[in-house]
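Residues per chain are reported as follows:
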Amino acid sequence: MLDHLNCFAIAMKTSQLSLYMLFAIGMLAMLQAAWFYPQLPETVASHFNASGVADGYMSKIGFLVFQVIFIPAMGLLFVGIGRLLNQIPASLINVPNREYHLSEERKAFTFSVLTNQLRWFGVVTMLLLLIVCALANKANLSQPPVLPMPTYLLMSYFIFTLIWTAMLVLKFRKKH
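The following refers to the structure shown. Here the structure is a predicted model, which is why all the values come from computation and not from measurement.

**Focus on the overall build of the chain**
Thought 1: When its secondary structure is counted, the chain shows five helices and two strands.
Thought 2: Overall, the chain shows an N-to-C arrangement of helices and strands of α-β-β-α-α-α-α.
Thought 3: What you see for the chain is a C-alpha radius of gyration of 20 Å, clearly larger than the 16 Å of a compact globule of 176 residues, by over 25%.
Thought 4: Seen through its C-alpha atoms, the chain measures out along the principal axes to roughly 60 × 30 × 25 Å.
Thought 5: Taken over 176 residues, the chain has a buried fraction of 38%.
Thought 6: Within the chain, counting contacts between residues at least 6 apart in sequence, those at least 24 apart form 72% of the total.
Thought 7: For the chain, the distance from the average site of its 12 positive side-chain charges to the average site of its 6 negative ones is 6 Å.

**Looking at the packing of aromatic side chains**
For any pair of aromatic rings, the description rests on two quantities: the centre-to-centre distance and the angle between the ring planes.
Thought 1: Tallying each qualifying case throughout the model produces five aromatic pairs.
Thought 2: Ring geometry for phenylalanine 121 against tyrosine 157: centres 5.9 Å apart, planes inclined by 50 degrees, an arrangement best described as tilted. Placement of the pair is phenylalanine 121 in helix 4 (residues 107-139) and tyrosine 157 in helix 5 (residues 151-173), with a sequence separation of 36 residues. Take phenylalanine 121 and tyrosine 157: they sit in the same class, and that class is buried.
Thought 3: Aromatic rings pair up to connect Phe78, Phe121, Tyr157, Phe160 and Trp164 into one cluster.

**A short note on the environment of leucine 64**
Thought 1: Relative to the helices and strands, leucine 64 is located in helix 2 (residues 60-84).
Thought 2: Judged by relative accessible area, which is 4%, leucine 64 ranks as buried.
Thought 3: Leucine 64 has contacts with Ala33, Tyr37, Leu40 and Asn137, leaving out every residue within four places of it along the chain.

**Points about the packing of helix 4 against helix 5**
Thought 1: As a packed pair, helix 4 and helix 5 sit with axes 11 Å apart at the nearest point and diverge in direction by 180 degrees. As the angle between them shows, helix 4 and helix 5 are arranged roughly antiparallel.
Thought 2: Counted by class, the contact of helix 4 with helix 5 contains 17 nonpolar, four polar and one charged residues.

Parameters and conventions
- Residues numbered from 1 in each chain as written.
- Predicted model: local features only at pLDDT ≥ 70, side-chain atom pairs only at ≥ 80, totals over all residues.
- Heavy atoms only, no water.
- Helix = DSSP H or I, 4+ residues; strand = E, 2+ residues; numbered from the N terminus.
- Rg over C-alpha atoms; globule rule 2.2 N^0.38 Å.
- Buried < 20%, exposed > 50% of the residue type's maximum accessible area, 1.4 Å probe, protein only.
- Contact = heavy atoms within 4.5 Å.
- Lys, Arg positive; Asp, Glu negative; His and termini not counted.
- Charge placed at Lys NZ, Arg CZ, Asp CG, Glu CD.
- Phe/Tyr/Trp six-rings, centres within 6.5 Å; stacked < 30°, edge-to-face > 60°.
- Axes fitted to C-alpha atoms, helices over the stretch in contact; angles between N-to-C directions.
- Parallel < 35°, antiparallel > 145°, perpendicular 65-115°, else oblique.
- Nonpolar A, V, L, I, M, F, W, Y, C, P; charged D, E, K, R; others polar.

The analysis is restricted to geometry; functional conclusions fall outside its scope.
In structure tokens, the structure reads:
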């Protein structure tokens, strides 16, 4: 039981840290937009094909407003999903050993773990978006705008997602 309480305390601390990180990344998105705004042309490339060549354009204000709204909204989405877990029927939550982990005595702990993990996934997703937006902003500083293909970035996110999913499944496969 003591180990269970220690895990709960650690989860709560890292949950707080993830909230601070989500907020900080949202603020960085706003600062990034403010930094690039005066440097960008009035019409910017907003979509790039697989080769990194621009194939969609929009106004600079629309592009930067999208960044300022979209990145923080992703953070709010992950926080919101975590908060809604208590409202979702247990039958719709798919974790290994569902009956055990969603029993009344373990439900609060399970939801805190899931909420915490969702927030950390949100942190990594927002970081990815922040970097991609920075690359797109930087690409628009040259003519013609060409987005370098950040294969390493996408592969890192993919690998993180695989590891994150595997760890979550393994955590709930065990009965503590």
